[in-house]
Amino acid sequence: MPEEVLEGERVTLAFLEPEDSEEVLYLVDSSRDSLGAWLPWVENFTEIGDAYSAISAYQMQRDMANGGAFGIRRLEDGALVGEVVLQWIDWKNRSASFGYFLGSAFEGEGLATEAMNLALGYVQNLGIHRVEISAAVENKKSCALAKRLGFEQEGIAKDAEFLHGKWQNHAKFAKIMPN
């Protein structure tokens, strides 16, 4: 996977490295309630070793040319504000899926939209044709972001995730990338 830093007007994206573990853990800790409402892994992400292991796993995925986790950093001060995760690339079918999150202190500023647009340009340069996003139907912010990015909702996956003692339906979004 190409290692370049992707720079926008207000954010940069660069693949996370193990030395980013402390910042990632701090970001998750400072946003535990808002992130935990929608992301099941947050509950078990409590120690520096959890951050290190997650980043190392994404680094291994990146080394296999199959995805990876980008840190979203604010240009003005270099603060880590979130992540964009290129979850898997299906090279045969030229498709990929994304996940993303922002720390709660950074929501509502358009940073996720800018970061995802950078990530979409990245996969377009890789020759990816189709990109997918899945979000809990009740996660209005995430669903709105997908729509703002030009993704079309293709359907609902019923009972796709068991979170906080109840089943969550997921909206399935896709975008066909221009050639």
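Novice: Any chance you could explain the environment of Y52 here in plain terms?
Specialist: Mapped onto the elements, Y52 comes out in helix α3 (residues 48-63). On the basis of relative accessible area, Y52 is assigned to the partly exposed category, the value being 46%.

Novice: Would you explain the side chain of S142 in this entry?
Specialist: Relative to the elements of secondary structure, S142 occurs in helix α5 (residues 140-148). Residue S142 is classed as buried on the basis of its relative accessible area of 12%. With residues near it in sequence (within four places) discarded, S142 still touches Y100 and A135.

Novice: Explain the packing of helix α1 (residues 21-30) against α3 here, please?
Specialist: In a pair of packed helices, the angle between the axes and the distance between the axes together describe the arrangement. Interaxial distance between α1 and α3 falls to 8 Å at its minimum, and their mutual angle equals 115 degrees. Regarding the angle of α1 to α3, the classification is roughly perpendicular. The way α1 lies across α3 gives a crossing that is right-handed. For the pair formed by α1 and α3, the contact residues are S21, E22, V24 and L25 on the first element and I48, A51, Y52 and I55 on the second. Considered class by class, the residues forming the contact of α1 with α3 number six nonpolar, one polar and one charged.

Novice: When you look at the layout of surface pockets in this model, what are you seeing that I'm missing?
Specialist: Left-over empty space is what a probe sized like a water molecule reveals as it rolls over the atoms. Estimated volume of the largest pocket: approximately 1000 Å³. Looking at the lining of the largest pocket, its residues break down into 23 nonpolar, 10 polar and six charged.

Novice: Looking at this structure, I do not really get the pairing of strand β3 (residues 68-74). What am I missing?
Specialist: Moving residue by residue along a regular strand, the side chains alternate between the two faces of the sheet. Counting buried positions along β3 gives seven out of seven residues, so the element sits mostly inside the fold. Burial along β3 is two-sided: the face carrying G68, F70, I72 and R74 and the face carrying A69, G71 and R73 are both buried. In this sheet, β3 lies alongside strand β2 (residues 11-15) in antiparallel orientation, the contact comprising five bridges. Following the sheet pairing, A14 is matched in β3 by G71. The pairing of β3 with strand β4 (residues 80-90) spans six bridges and is classified as antiparallel. Directly across from R73, in β4, lies its bridge partner L80. Here β3 folds back onto β4, and the loop between the two strands holds five residues, one of which, G78, carries a positive phi near 75 degrees.

About the thresholds
- Residues numbered from 1 in each chain as written.
- Predicted model: local features only at pLDDT ≥ 70, side-chain atom pairs only at ≥ 80, totals over all residues.
- Heavy atoms only, no water.
- Helix = DSSP H or I, 4+ residues; strand = E, 2+ residues; numbered from the N terminus.
- Buried < 20%, exposed > 50% of the residue type's maximum accessible area, 1.4 Å probe, protein only.
- Contact = heavy atoms within 4.5 Å.
- Axes fitted to C-alpha atoms, helices over the stretch in contact; angles between N-to-C directions.
- Parallel < 35°, antiparallel > 145°, perpendicular 65-115°, else oblique.
- Left-handed = near helix turned anticlockwise from the far one by under 90°.
- Nonpolar A, V, L, I, M, F, W, Y, C, P; charged D, E, K, R; others polar.
- 1 Å grid on protein atoms, 1.4 Å probe; cavity = no way out; pocket = protein on both sides within 12 Å on 5 of 7 lines; lining within 4 Å.
- Points joined across faces, edges and corners; volume = space filled by probe spheres on them.
- Pairing = 2+ DSSP bridges.

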